[in-house]
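Descriptive analysis of the structure
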Amino acid sequence: MAITQATLDMLTALLGADRVSIKAADLEAHAQDESFHTPHPPDVVVWPLSAEEVSAILRHANELSIPVTPWCGGSSLEGNPIPVCGGIVVDLIRMNQILEVREQDLQVVAQPGIIYDELNKRLARYGLFFPPAPGSSDIATIGGMVANNSSGMHAVKYGATKDYVLQLQVVLADGEIIRIGRPVIKSSSGYDLCRLIVGSEGTLGIVTEITLRLRIRPEVVAAVAVFETMEAAAEVIYAINRYGPTPAALELMDPTIVGIVNAWTKSTLAEAPTLVMEFHGLPAGIEQELELVEETCREAGCVSFEKGLTPPEREKLWHARKQAHEAVKQLNTGSRAEIGDIVVPISHYTEAVQKAYALAEELHVRIATFGHAGDGNMHVEMLSDKSSEHEHERTAEFNRRLVHWVLSVGGTCTGEHGVGIGKREFMPLEHGTSLETMRKIKRLFDPKGILNPGKMFPDA
Ligand SMILES: Cc1cc2nc3c(=O)[nH]c(=O)nc-3n(C[C@H](O)[C@H](O)[C@H](O)COP(=O)(O)OP(=O)(O)OC[C@H]3O[C@@H](n4cnc5c(N)ncnc54)[C@H](O)[C@@H]3O)c2cc1C
């Protein structure tokens, strides 16, 4: 064990025995996120309740160079919170309070452990919401969303988590507690440290308090358009982006995913390329947007365009869409289900769809695709037999070649899942010499490299 009895004694004295665990079940529960990456247990799990407690843990760990990995919902898809070097997992799930709702300023101050859906449920009574809407909204916390810069269904209209973080309380590697940002919509005062921490995946500090800007809850209408080909659906996505209004969600599912989702959620969607859309605003505006989008879909030869879904129908539809990854995993238990997260500039979206299927055919890789297409984001589920190293290698090659193509057209290897373990190999190609600037920032914040080691950067 990398940590000593003296460290366990210190943690127990600080937190009490019920918030420190070396039980096998707790270590195992913090050894793996929702990804396919190899699990690795920590030496100890702790559950702090305040920034001061996090500070004391980090001060001790920093002095003794003990690895520390923050953990919130554990729903990451790239191994982001796996404690690959062991040490201490700091689980923030019990820091889950809403500290203040600033109704007049459309802001909320909350602790990192609150679950996204729970936060929005509590904000509904004020007529407010935090929009990004990750597919994992029932398990992802806002702490994890800040650390991964998560987004989701609504990013096409509202942006990602980074666009909502106004202020953060962060505990640095040496235990110093800092407050960064201002609770205002704009500020040009100094370096934007909030933007630096957002998306840093727990490698620069531990976030203990978050001030988010909110939006007013709008009227909501959903629609579903079905196409004969993926190309036709992808072309519509481009056309809507380039010429049309902005739906609040614009999701593409290929026929394979629709079939899988139907089987898993007992839905009856047509097993064809499908666009799932949502429109937010005032009724008259929504009506106009819907009309324009329907016209665009029909011009592109859509087979059907269904609108006027009732709220329960809408709920069922989104439930089905959100279950896509889980459905792939559950209905293919003999396979590894690895999920890609590429984003391309929207003018390349159709090409990206074509590229993925052409590569899959060439390399004999089983894929199914879906994603937040409206912002150029495509998730490719890549299936390989768990017992076949050869198939797994082919899948890795498929992913490598797809990401290299994506980078060549100006895209990114990850739109929302983060770098974690799985995307580290692409960092040099995506960032070039600026990766060294990122390493310098990491060394400045965390000179001993204790915070979430083994992530973000390829091994030296
Ligand atoms: C079915 C499914 C669908 C998904 N759909 C989406 C989607 O649509 N969009 C999307 O963006 N993601 C999606 N994800 C991925 C994942 O749910 C998100 O990235 C989510 O925001 C992670 O939050 P979490 O609370 O689970 O964080 P965790 O997985 O616990 O942690 C995430 C990272 O943040 C670090 N961290 C955690 N808490 C803190 C903290 N307080 N301070 C500093 N660092 C911290 C961890 O070390 C880790 O590196 C999906 C996952 C699943 C399983």
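It is worth spelling out the nonpolar core at this point. The nonpolar side chains of a soluble globular protein tend to be buried with one another. Core analysis: the largest hydrophobic core is formed by 71 residues, its most contacted members being Ile237, Met277 and Ile342. Filtering out sequence-adjacent residues up to four positions away, Ile237 remains in contact with Leu250, Leu252, Tyr349, Ala373 and Gly374. Grouped together as the second largest cluster of nonpolar side chains are 55 residues, Trp47, Trp71, Leu128 and Tyr164 included.

It is worth spelling out the domain arrangement of the protein chain at this point. Assigned domains of the protein chain: these are domain 1 (5-91), domain 2 (98-216), domain 3 (219-326) and domain 4 (332-424). Here the C-alpha centre of domain 3 lies 41 Å away from the C-alpha centre of domain 1.

Walk down a regular strand and you will see the side chains alternate between the two sheet faces. Strand direction decides the pairing type here: strand E5 (residues 98-102) and strand E6 (residues 107-110), joined by 4 bridges, are antiparallel. Across the sheet, Val101 pairs through a bridge with Val108, a residue of E6. Taking the residues that link successive antiparallel strands as the turn, the E5-E6 hairpin has 4 residues, and the phi of Leu106 there is positive, at about 55 degrees.

So, about the sheet that holds strand E4 (residues 88-91). Across the sheet, which stays open at both edges, the 4 strands sit in the order E1-E2-E4-E3 with mixed pairing between neighbours. Of all strands in the sheet, those bounded by a partner on one side alone are strand E1 (20-21) and strand E3 (68-71). As paired strands, strand E2 (residues 44-46) and E4 are joined by 3 bridges and run parallel to one another. Pairing of Val44 across the sheet is with Ile88, part of E4. Sheet strands in contact with helix H3 (residues 51-64) are E2, E3 and E4, and its direction is about 165 degrees off that of E4.

Turning to the site of the ligand, a few remarks are in order. Taken together, 37 residues sit near the ligand, with Gly73, Gly135, Gly144, Ala147 and Ser150 positioned nearest. Those elements that provide at least two residues to the shell around the ligand are E3, helix H5 (142-148), strand E10 (206-213) and helix H12 (324-330). A per-element tally of the shell around the ligand places H5 first, with 5 residues. Here the residues of the shell around the ligand are counted per class, giving 13 nonpolar, 19 polar and 5 charged. Both domains that meet at the shell around the ligand, namely domain 1 (5-91) and domain 2 (98-216), each give it at least three residues.

A separate point is helix H9 (residues 255-265). Within H9 the residues assigned to the buried category are Ile257, Val258, Ile260 and Val261. Seen end-on, H9 carries its buried residues on one side only, within an arc spanning 165 degrees. Close packing links the buried residues of H9 with strand E13 (249-253), strand E14 (274-281), helix H11 (311-322), H12 and strand E18 (366-371). The positive-phi residue at the C-terminal boundary of H9 is Lys266, with phi of around 55 degrees.

Turning to the sheet that holds strand E9 (residues 177-181), a few remarks are in order. Strand order in the open sheet formed by 5 strands is E5-E6-E10-E8-E9, with antiparallel pairing between adjacent strands. Each edge of the open sheet carries a strand with a single partner, namely E5 and E9. Adjacent strand axes in the sheet meet at a mean angle of 10 degrees, parallel and antiparallel pairs treated alike. Pairing of E6 with E10, which is carried by 4 bridges, proceeds in the antiparallel orientation.

So, on to unusual backbone geometry. Glycine aside, a negative phi is what most residues show, and trans is what most peptide bonds show. Although it is not a glycine, Asn149 adopts a positive phi angle of roughly 50 degrees. Tracing the sequence through the fold places Asn149 in the loop between H5 and helix H6 (155-158). With 23 C-beta atoms counted inside 10 Å, the residue Asn149 sits in the buried group. One non-glycine residue, His364, lies in the positive phi region at around 55 degrees. Its place among the elements puts His364 in the loop between helix H13 (349-363) and E18.

Reading guide: rules and limits
Residues numbered from 1 in each chain as written. Predicted model: local features only at pLDDT ≥ 70, side-chain atom pairs only at ≥ 80, totals over all residues. Core = buried A, V, L, I, M, F, W, Y, C linked by C-beta atoms within 7 Å. Buried ≥ 20, exposed ≤ 12 C-beta atoms within 10 Å, placed from the backbone. Contact = placed C-beta atoms within 7 Å. Domains from an automatic or database assignment. Pairing = 2+ DSSP bridges. Helix = DSSP H or I, 4+ residues; strand = E, 2+ residues; numbered from the N terminus. Axes fitted to C-alpha atoms, helices over the stretch in contact; angles between N-to-C directions. Near = placed C-beta within 6 Å. Nonpolar A, V, L, I, M, F, W, Y, C, P; charged D, E, K, R; others polar. Arc of directions from axis to C-beta.

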